[in-house]
Amino acid sequence: MDNTSPAPPEAGPRRERRPERYDPQAIEPRWRHAWAEQGLYRVDLEDDARPKYYFLTMYPYPSGDLHVGHWYAEAPADAAARYRRMNGYNVLFPMGFDAFGLPAENAAIRAAREGEQVHPATLTYERIGRMVTQFEQMGAMFDWSKKVVTCDPVYYRWNQWLFVKMFERGLAYRKESYVNWDPVDQTVLANEQVIDGRGDRSGALVERRLMPQWHFKITAYADELLDFSTLDWPEKVKTMQTNWIGRSEGAEVVFRTESGEPITVFTTRPDTLWGATFVVLAPEHPLVERVTSASQRAEVEAYVVAAAAKSEIDRQAEGREKTGVFTGGHAVNPVNGERVQIWIADYVLMTYGTGSIMAVPAHDERDLQFARTFGLPVRVVVQPPGASLEGDTLAEAYTGDGVMVNSGRFDGTPTGKGEEGERGIASVIAWLEEEGLGERKVTYRLRDWLISRQRYWGTPIPMLYCDACGIVPVPLDQLPVELPSDVAFMPTGQSPLTTHEPFLHARCPACGGPARRETDTMDGFMDSSWYWFRYLSPELTSAAVDKELVGRWTPVDMYTGGVEHSILHLLYARFFTKVLRDLGLVDHGEPFQRLFNQGMILGEDNEKMSKSRGNVVNPDHLVSEYGADAVRTYLMFIGPWDQGGPWNFQGIEGVARFLNRVWGLIVDAPAGDPAVKVDEHVTRDLRRAVHTAIREISEDFEGFRFNTAVAELMTLQNAMSKAKSASLALTPGWEEACRVLVTLLAPIAPHLAEELWQRLGHATSVHLESWPEVDESALTRDEVRYAVQVNGKLRGEVEVPADAQEASVLSAAKAVPNVAKHLDGAELVREIVVPGKLVNLVVKPAARA
RNA sequence: GCGAGGAUGGCGGAAUUGGUAGACGCGCCAGACUUAGGAUCUGGUGUCUUUGACGUGCGGGUUCAAGUCCCGCUCCUCGCACCA
């Protein structure tokens, strides 16, 4: 397990001569080995004598090497988990690997180009092996017996099982969606492979292509996903998810073409219907074909083709210049019978609402820009209080509150954001419903989750296509559909599954006839949407989750990870938990009680670490130079955990020195004469320092403030080093101080703490100890120091008995020479005493003679 | 443009409810021990014109007292950004 040159346990005869040095390279591997042998971190999931605590960190993608970022994510989390454990909880702190994904497949393709055969599975397992070794060096309390690896059929089989269950419930369905198509490599690209509209490998302009693909109906849970009321999550994440879901209330209203075909539009402002002076369809809208007049056809078709070639990202990249084409067709505004033009424009998105809008240029900025660009009419239908806007002269759209005008029976109705305004809008909707012109409608920005990936290295979608029976799921007892391994990776990047004949051909379970297998695989987010349930029973083959254990251990108490997963991963995880609940597998709908986002460690150049920038910091050399404990402690010390920041290794020296001093404090013989009587003040000061440290560090751990926890530990070490003497070392107070120091250090620097604990004469592990408790009586003082201010400026300090009355504090304060000087000849107008803290004497300056 | 967070010594960062700004550490300076020191230990270290004054991005305000509260700005980071 340890490949860090395990030095033999020091049995040196030289010990007497020279104080023994702190040698992490000797200590750390030895203890890791011992812990593994004792099974110290093996969690008994059945143990219900203690309350459970499920501490989860986001599992990594097996990139092959642990870098500082992994340490930064895991080391403080480990310390927090260890703290919980010492506080009496049965803590599960598991680790696994998000093992499917593009990089491994791309590596295989790259190798294929060079005529080599590298299988993603081989590569992935090799990398996992390496990372497990590196993780072990961290000295974290991961229980590796619970490890989950998502590319293992024992795991992804249940992805397939869940997929089929969701298909049965109508939550998985197939429909046409756009993909990024690379015309050179003849392959589909993930969004992150498209850079500035071009394929990252071929450099070809990426096209949008419609393909039938599998989707999960996350929108069915949209409203429930907006409810965060039971969660202790950062506001930021909740806001981001809320915006992502993007709930809008409004109405659908039916316009009609001149031939009577309905054009349904969604609007959040049905009160402005009377101001709708034209209608705009998305270029992909099915009605475009039919409303276009002969004379406009050529222009319309050219626009549609141009729009189709552009991705949504491209459309936006071109700025907000409005483009569009008149179709030649007209529609009738249902509320006033007015004949309006029908345009197409790419600022209207087919994927939102109904793919068509009514344009109200007077009250919508985008519509106004469009109207001005193409000379379309602008009519004001909401007048702000005390103003009268004119459509022709309007400089910007008016979106505020006001009173409806030019709106027939609704003239004079107040409208807008306020309570009264909303009543006005509601009355318009009610009228639309009565007249059969429209209805109330809620629309979401959130779209269904496109789960199909035209890729190899993922979970095969367990579906069959039968000529006779159509789409048929693979029967549950035939799962898993295993990914064939005897495949050749083509330099084009195409998934080998599409040409793997034995995989392709199957029997239809319904009619027994020939059927073709689905060759798409699942999005990697599928794996991470429920993996934490699986840590409880990673090898279970009879079910996706162990219901009994899941009932006992989930939801997760604490989840930590980077903000970059605030939206997709966490939203999908919440969605899946609700689906699992509805399938009767779990009894709760929210997966993670508390969420904490640690910051990101940047490179020394203050940029995000990446291989391409060449600024990735590998901590291995620091570990071999200073030890894992020093690296852990340093990462916790550099600043607030949620802040991250640029990496700078300079300061690790200070932390290493600190650990060295702690070592010396416990190990080195004290100086001085043991017969000298210990001053009572020394003992009391020592106890105060010890118990102050317990109090502060406990609070810091609760709030994940590891930086101040380490600082407090340093303060305690300083106090102890100053006080240390041969005679003090014989007292129970010193014994307590050493015991507490080592226990408080245990979650942060587990190896060193363990070594020192043994040297203090304990036979069992420090990691089985309870967290120390504060003795309030040790915190009291006889004397209190007051700051003394005159007119708010510090002029001196004074020590008074802790129980001194205000009057005696004041007189002592006034007696301080420098204070007296500033009071001299001035008129004292006010005296303020903050108990235990400060005195402020307010004077009027002496009238100068 | 909208939303959120932030700005404190040469550097990373500390500062309950407003109550001694700069904890802890890095770096730096001086000293001790040393053949040596990039080891270790001790002391010092916000700035300046140093009996004092000034200092928490800038300008105002409230208060006996403001890093902290209020008003108005600047800059930085992050998220969203034609979502009807």
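Figured I'd write up the structure that's included with this text. (Residues numbered from 1 in each chain as written. Chains lettered and ligands numbered in written order. Predicted model: local features only at pLDDT ≥ 70, side-chain atom pairs only at ≥ 80, totals over all residues. Heavy atoms only, no water.)

Quick notes on the overall build of chain A
Argument step 1. Along chain A, the regular secondary structure elements total 26 helices and 34 strands.
Argument step 2. By principal-axis analysis of the C-alpha atoms, chain A measures approximately 110 × 90 × 50 Å.
Argument step 3. For chain A, the residues scored as buried account for 52% of the 849 residues in total.
Argument step 4. Sequence separation of 24 or more characterises 71% of the internal contacts of chain A that already satisfy a separation of 6 or more.
Argument step 5. Charge-centre separation for chain A: the mean point of 89 positive side chains lies 2 Å from the mean point of 118 negative side chains. (Helix = DSSP H or I, 4+ residues; strand = E, 2+ residues; numbered from the N terminus. Buried < 20%, exposed > 50% of the residue type's maximum accessible area, 1.4 Å probe, protein only. Contact = heavy atoms within 4.5 Å. Lys, Arg positive; Asp, Glu negative; His and termini not counted. Charge placed at Lys NZ, Arg CZ, Asp CG, Glu CD.)

What to know about helix 12 (residues 419-435)
Argument step 1. The end-to-end C-alpha separation of helix 12 is 25 Å, in line with the 24 Å expected for 17 residues at 1.5 Å each.
Argument step 2. For helix 12, the set of buried residues is Gly421, Gly424, Ile425, Val428, Ile429, Trp431 and Leu432. Down the axis of helix 12, the sector holding all buried residues measures 160°, keeping them to one side. When the buried face of helix 12 is taken as reference, the exposed residues oriented beyond 90 degrees from it are Glu419, Arg423 and Glu434.
Argument step 3. On its buried side, helix 12 packs onto strand 10 (247-257), strand 17 (402-404), strand 18 (414-415) and strand 19 (438-444).
Argument step 4. Backbone geometry just after helix 12 places Gly436 at a positive phi near 70°. (Expected span 1.5 Å × (residues − 1). Arc of directions from axis to C-beta.)

Some remarks on the packing of helix 20 (residues 652-667) against helix 23 (residues 732-745)
Argument step 1. Remark: helix 20 packs on helix 23, axes separated minimally by 11 Å, with the N-to-C direction vectors making an angle of 145°. Considering only the axes of helix 20 and helix 23, their crossing is left-handed. Contacts between helix 20 and helix 23 involve Phe658, Leu659, Val662, Leu665 and Ile666 from the former and Trp734, Cys738, Leu741, Val742 and Leu745 from the latter.
Argument step 2. The residue makeup of the contact of helix 20 with helix 23, split by class, is 10 nonpolar, no polar and no charged. (Axes fitted to C-alpha atoms, helices over the stretch in contact; angles between N-to-C directions. Left-handed = near helix turned anticlockwise from the far one by under 90°. Nonpolar A, V, L, I, M, F, W, Y, C, P; charged D, E, K, R; others polar.)

Notes on the sheet that holds strand 18
Argument step 1. Across the sheet, which stays open at both edges, the 3 strands sit in the order 16-17-18 with antiparallel pairing between neighbours. On the outer flanks of this sheet lie strand 16 (382-383) and strand 18, each paired with one strand and no other.
Argument step 2. In the sheet, strand 17 pairs with strand 18 via 2 bridges, with the strands oriented antiparallel. If you follow Gly402 over to strand 18, its bridge partner there is Thr415. (Pairing = 2+ DSSP bridges.)

Considering the pairing of strand 31 (residues 783-790)
Argument step 1. The pairing of strand 31 with strand 32 (residues 793-801) spans 8 bridges and is antiparallel. When the bridges of strand 32 are listed, Tyr786 appears paired with Val798.

With respect to the nonpolar core
Argument step 1. Counting 180 residues, the largest nonpolar core has Phe55, Phe216 and Trp530 as its most contacted members.
Argument step 2. Looking at this core, the element that brings in the most residues is helix 2 (residues 68-86), giving 10 residues.
Argument step 3. Contacts of Phe55, omitting those with residues within four sequence positions, involve Ala77, Ala80, Ala81, Val91, Leu92, Phe93, Pro94, Met558, Thr560 and Phe704.
Argument step 4. The next biggest cluster of nonpolar side chains, apart from the first, holds 51 residues, and it includes Val253, Leu273, Val380 and Val382. (Core = buried A, V, L, I, M, F, W, Y, C linked by side-chain atoms within 4.5 Å.)

Observations concerning the protein's contact with RNA strand B
Argument step 1. As a matter of local geometry, RNA strand B sits amid 50 residues, with Thr268, Lys322, Tyr352, Arg366 and Gln643 nearest to it.
Argument step 2. A distance of 3.0 Å separates a phosphate oxygen of RNA strand B from a polar side-chain atom of Arg830.
Argument step 3. No other element matches helix 22 (residues 706-723), which puts 7 residues into the surface near RNA strand B.
Argument step 4. Tallied by class, the residues present in the surface near RNA strand B amount to 17 nonpolar, 16 polar and 17 charged. (Near = heavy atom within 4 Å. Polar contact = N/O pair within 3.5 Å; in protein donor to acceptor, adjacent residues only side chain to side chain.)

Here's the deal with the state of the cysteines
Argument step 1. On inspection of all chains with the given rule, the structure shows 0 disulfides.
Argument step 2. Between Cys508, a free cysteine, and Cys466, which holds the nearest cysteine sulfur, the sulfur-to-sulfur gap is 3.6 Å. (Disulfide = S-S within 2.5 Å.)

Examining a negative patch on the surface
Argument step 1. Residues Glu433, Glu434, Glu435 and Glu439 make up a contiguous surface patch of negative charge.
Argument step 2. Here the negative patch gets 3 residues from one element, more than from any other, and that element is helix 12.
Argument step 3. Tracing the backbone through its elements, the reader meets Glu434 in helix 12. (Patch = residues over 30% accessible without salt bridge, like charges linked within 9 Å, V, L, I, M, F, W, Y side chains within 5 Å. Areas by Shrake-Rupley, 256 points an atom, 1.4 Å probe, with all protein chains shown as cover. Salt bridge = Lys/Arg side-chain N within 4 Å of Asp/Glu carboxyl O.)

Here we look at the packing of aromatic side chains
Argument step 1. Inspection of the entire model under this criterion finds 54 aromatic pairs.
Argument step 2. Ring plane angle 85° and centroid distance 5.9 Å describe the contact between Tyr531 and Trp532, whose orientation is recorded as edge-to-face. Summarising the burial analysis for this pair, Tyr531 and Trp532 share the class buried.
Argument step 3. An angle of 70° between the planes, with centres 5.7 Å apart, marks the rings of Tyr531 and Tyr535 as edge-to-face. Neither residue differs from the other here; Tyr531 and Tyr535 are each classed as buried.
Argument step 4. The aromatic ring of Trp35 is capped on one face by Arg82, whose charged end is 5.9 Å from the ring centroid.
Argument step 5. The ring of Trp233 has Arg574 lying over it, and the distance from NZ or CZ to the ring centre is 5.8 Å. (Phe/Tyr/Trp six-rings, centres within 6.5 Å; stacked < 30°, edge-to-face > 60°. Lys NZ or Arg CZ within 6 Å of the ring centre and 35° of its normal.)

Regarding the sheet that holds strand 34 (residues 838-844)
Argument step 1. Here 4 strands make up an open sheet; going across it, the order is 32-31-34-33 and the pairing mixed. The outermost strands of the open sheet, each flanked by one partner alone, are strand 32 and strand 33 (827-834). Taken over all neighbouring pairs, the strand axes of this sheet differ in orientation by 20° on average, direction set aside.
Argument step 2. Here helix 25 (residues 806-815) sits on the sheet in contact with strand 31, strand 32, strand 33 and strand 34, set at roughly 120° to strand 33.

Shape descriptors only; they carry no functional weight alone.
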